[in-house]
Each structure stands twice: as C-alpha cells, then as structure tokens.
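Analysis of the macromolecular model
The residues making up each chain are set out below.
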Amino acid sequence: MLTSLKEILNDCELHGYAVGSFNTPTLETLRAVIHAAESFRVPVVLNHAENEEAVVPIEVIAPLMTEYAKNAKVPVAVHIDHGETFPYLMKAIHLGFTSIMYDCSGLSYKENAERVKRFVELVHPLGISVEAELGAMPNNMAGCVNGQEKSDLDNLEQYFTAPSEAAAFAGVTGVDALAISFGTVHGRYEKEPRLDVERVKKIKGMMPKGTHLVMHGGSGTGREQTKAAIKAGIRKINYFTAMDTAPAPVIYETIKRAEGEPVHYGRLAKLAMEVMEEKVREAMELFLNADSG
Ligand code: 13P
C-alpha cells in the first residue's frame, strides 16, 4: 500500500529498525525490491533520484513505482532522492510521490534551512513527507549516471554534520527526515569505512521527536558498522550501488558460457532481477536486525 515516509519512519522508531530506501530506475530493480519487501513483510522506500533522469525519465518510471506501491502487501513510500529543482519536485508530487528529499546541502546553512522550511510549509499540508540533508554526502559514483563527479575522499570529516547545526535545522524546518554525514560515501568505498557513530548518537539525542535520521551510502558500509549506526538512531538507509552492480558479473558469465550462441535479453533481465533481489534481501535482513549478534 502506498504510504507516507513519515508513517514508515514512526514505525521504525517504535521498533528500533531502519527502513531500506532503494533506487529503482528499472523495472527489474523495482520488482526485485517489492518482492524482497513482501517476502520479509517489511515497509520499504522506492527512490527516484533527480539525476537518474538520464537513466529513466520520471514520467516513465513514476506510474510504475506508484502502481507497484499501491498493489504491494506492505507499506511503500515513493520518494524523490536528492531532488534539487523546485519545478521537478512539484512534478513528482503531481505524479504521486509521497515523499521528497529536498537536497539544498550544497548551499549555506542559512539558505538550506530557509528553503527547506518554506518547502515543508508548502507540502506538509498535502501529506507529503520531507527529507533534507545537512553536511554533505561525498560521492564516488562516477559512471553511474552522467555528470556525476567524484568527491575528494581523502578527508571525509570535511563533510560531517555538526550536531548543534542539525538540532537547530530540524527545529526550524520541521523536516521528517534528515540525512547526516558521518563517514559514509555514495558508491564505492576506496578504503575501509570508519563511521563516526558517536556523532549519530549525539545528533539523535538532540533531534525533535518528529525528525528521523537517514544514512546515505548504505552499500559496502559493513555489517557491524551498519548495525551500530542503526542502534545509534539511524532509521532510513539508502542503498543502491551493491544492488545495481551485482548483476553484471553474473550476466558476463552467462554470456561467456553461451559460447557465441544467442542469449535472450529477457533471460538476462530475469537473472538480473533475481541477483538484485538477493542483495536487497541481505540488506533488509541487516537493517531489521541491528540488535542480533
Ligand atoms: P549507495 O549507492 O552507496 O548504496 O548509496 C545510495 C544512496 O545513498 C542514494 O541516495
């Protein structure tokens, strides 16, 4: 059933888990994510990032995302990931998205807070949930979509969220979800990730009741650190690279084994879906069971 992100996050808070938030730019990803969520009987968030327009336009993918969400046996929020352009976000709402990340993290604190506050005032009455970002998410996803630039990954602390700013930002804007930076990276990690979990705990302790914390860059973060982040208060985890890169080696082997004989694309698409579902299941199991040994 199509649900607001806010409702899902409240359930996460109540039961101490994190909801998986997966980008679904293809039918195979979409089906893999929905199927995994239904088999685990857990809520899920379907993301479409504004910069994924290069992969699939929102007008094409939104009707599929919302239809799958409505028909799902579990609560599903349909969410814009890293939305930056106001008219684009209005279009997303018109197309049935129940949740928007309005990412003004590239602007000054003041400008970010002012824009997000105005946006919340505008869309909350429509029942739309809002996520913002404070601090910045470093990026190592070059080659995923056009125009993505790699960040300087040598010193991740330069991107970290300041706890006092996070508290003030949440209080002023009234956001439902706040993405914070504490050591994760979008895309591939080049060295062992080291999350500043103490920072998460501190920020969590300063949040107003209605604002929940989000971790981006969920791929490759490692089981123990992911569990620690959830225990410290993370309630939504964005996860994409590990799922989206998993099919390629399997497809490669399949084509190689065919030894020049034709390989039907439909078979490869199905295979990709199965491999991605397995990855999503792995992630969901982890996000649900932060307390288990
Ligand atoms: P990963 O691709 O690193 O899992 O991050 C996804 C993400 O944070 C999307 O916003």
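Structural notes, computed from the coordinates. (Residues numbered from 1 in each chain as written. Predicted model: local features only at pLDDT ≥ 70, side-chain atom pairs only at ≥ 80, totals over all residues. Heavy atoms only, no water.)

**Comments concerning the site of the ligand**
The local shell around the ligand holds 15 residues, among which D81, G187, G217, S219 and T241 are the closest. Between the ligand and D81, the relevant distance is 2.8 Å, taken from an oxygen atom to a side-chain nitrogen or oxygen of the residue. In this structure, G187 approaches the ligand through a main-chain N or O atom, which is 2.8 Å from an oxygen atom. Considered on its own, the ligand offers 300 Å² of accessible surface; in the complex 98% of this is hidden by protein. (Near = heavy atom within 4 Å. Polar contact = N/O pair within 3.5 Å; in protein donor to acceptor, adjacent residues only side chain to side chain. Areas by Shrake-Rupley, 256 points an atom, 1.4 Å probe, with all protein chains shown as cover.)

**Here we look at the pairing of strand β9 (residues 212-215)**
In β9, alternate side chains face the same way, and those of H212 and V214 on one face and L213 and M215 on the other are all buried. Pairing of β9 with strand β10 (residues 234-239), which is carried by three bridges, proceeds in the parallel orientation. Bridge assignment links M215 to a residue of β10, and that residue is I237. Note that the unit made of β9, helix α8 (residues 223-232) and β10 has a crossover that is right-handed. (Buried < 20%, exposed > 50% of the residue type's maximum accessible area, 1.4 Å probe, protein only. Helix = DSSP H or I, 4+ residues; strand = E, 2+ residues; numbered from the N terminus. Pairing = 2+ DSSP bridges. Right-handed = clockwise from strand over helix to strand, strands pointing away.)

**A look at the environment of V19**
Of note, V19 is situated in strand β1 (residues 19-23). Here V19 falls in the buried class, since its relative accessible area comes to 1%. V19 sits 86 residues away from S105 along the chain, and the two C-alpha atoms are 22 Å apart. Filtering out sequence-adjacent residues up to four positions away, V19 remains in contact with I8, L9, C12, P43, V44, V45, R235, K236, I237 and F287. (Contact = heavy atoms within 4.5 Å.)

**Comments concerning the sheet that holds β10**
In spatial order, the strands read β1-β2-β3-β4-β5-β7-β9-β10; together these eight strands close into a barrel with parallel pairing. If you compare each strand with its neighbour and ignore which way they point, the axes differ by 25 degrees on average. Direction of pairing for strand β4 (residues 99-102) relative to strand β5 (residues 129-134): parallel, over a ladder of three bridges. Across the sheet, residue M101 finds its bridge partner in β5, namely E131. Contacts from helix α6 (residues 163-173) reach β5 and β7 (177-180), with the element oriented near 155 degrees to β5. Contacting β7, β9 and β10, helix α7 (residues 197-206) runs over the sheet at an angle of about 155 degrees to β9. (Axes fitted to C-alpha atoms, helices over the stretch in contact; angles between N-to-C directions.)

**Let's talk about the packing of aromatic side chains**
Considering all chains together, one arrives at five aromatic pairs under this definition. Ring centres 4.8 Å apart and planes at 40 degrees place the aromatic pair Y102 and F119 in the tilted group. Taken as a pair, Y102 in strand β4 and F119 in helix α5 (residues 109-123) lie far apart in primary sequence, 17 residues in all. Taken individually, Y102 and F119 each receive the classification buried, so the pair is uniform in this respect. Plain terms: the ring middles of Y109 and F169 are 6.1 Å apart, the flat faces sit at 65 degrees to each other, and that makes the pair edge-to-face. One end of the pair, Y109, is in helix α5; the other, F169, is in helix α6, with 60 residues separating them in the sequence. Overall, F169 belongs to the buried group, its relative accessible area being 0%. Among the aromatic residues, ring-to-ring pairing joins F22, Y239 and F287 into one connected group. (Phe/Tyr/Trp six-rings, centres within 6.5 Å; stacked < 30°, edge-to-face > 60°.)

**Considerations on the packing of helix α10 (residues 247-257) against helix α11 (residues 265-288)**
A packed helix pair is summarised by two numbers, namely the angle formed by the two axes and the spacing between the axes. Close contact between α10 and α11 brings their axes to 9 Å; oriented N to C, the two are set at 140 degrees. When the interaxial angle is binned, α10 and α11 end up oblique. Between α10 and α11 the crossing geometry is right-handed. From α10, P247, V250, I251, T254 and I255 reach across to α11, where they touch R267, L268, L271, A272, V275 and M276. The residue makeup of the contact of α10 with α11, split by class, is nine nonpolar, one polar and one charged. (Parallel < 35°, antiparallel > 145°, perpendicular 65-115°, else oblique. Left-handed = near helix turned anticlockwise from the far one by under 90°. Nonpolar A, V, L, I, M, F, W, Y, C, P; charged D, E, K, R; others polar.)

**Quick notes on the environment of V78**
Tracing the backbone shows V78 in strand β3 (residues 76-83). Owing to a relative accessible area of 0%, V78 belongs among the buried residues under this scheme. Excluding anything up to four places from it in sequence, V78 contacts L2, L46, M65, T66, A69, F97, T98 and S99.

**Things to note about the pairing of β10**
When you tally the buried positions in β10, you get six out of six residues, the bulk of the element. Across four bridges, β1 lies against β10 in parallel orientation. In the strand pairing of β10, F22 is matched with Y239.

**Let's talk about the side chain of T184**
Here T184 is to be found in the loop between β7 and β8 (186-187). The exposure class assigned to T184 is buried, which follows from its relative accessible area of 1%. Among the polar contacts listed, one links the side chain of T184 to the backbone oxygen of H216, at a separation of 2.8 Å. The contacts of T184, once residues within four sequence positions are left out, are M137, P138, Y189, L195, M215, H216, G217 and T221.

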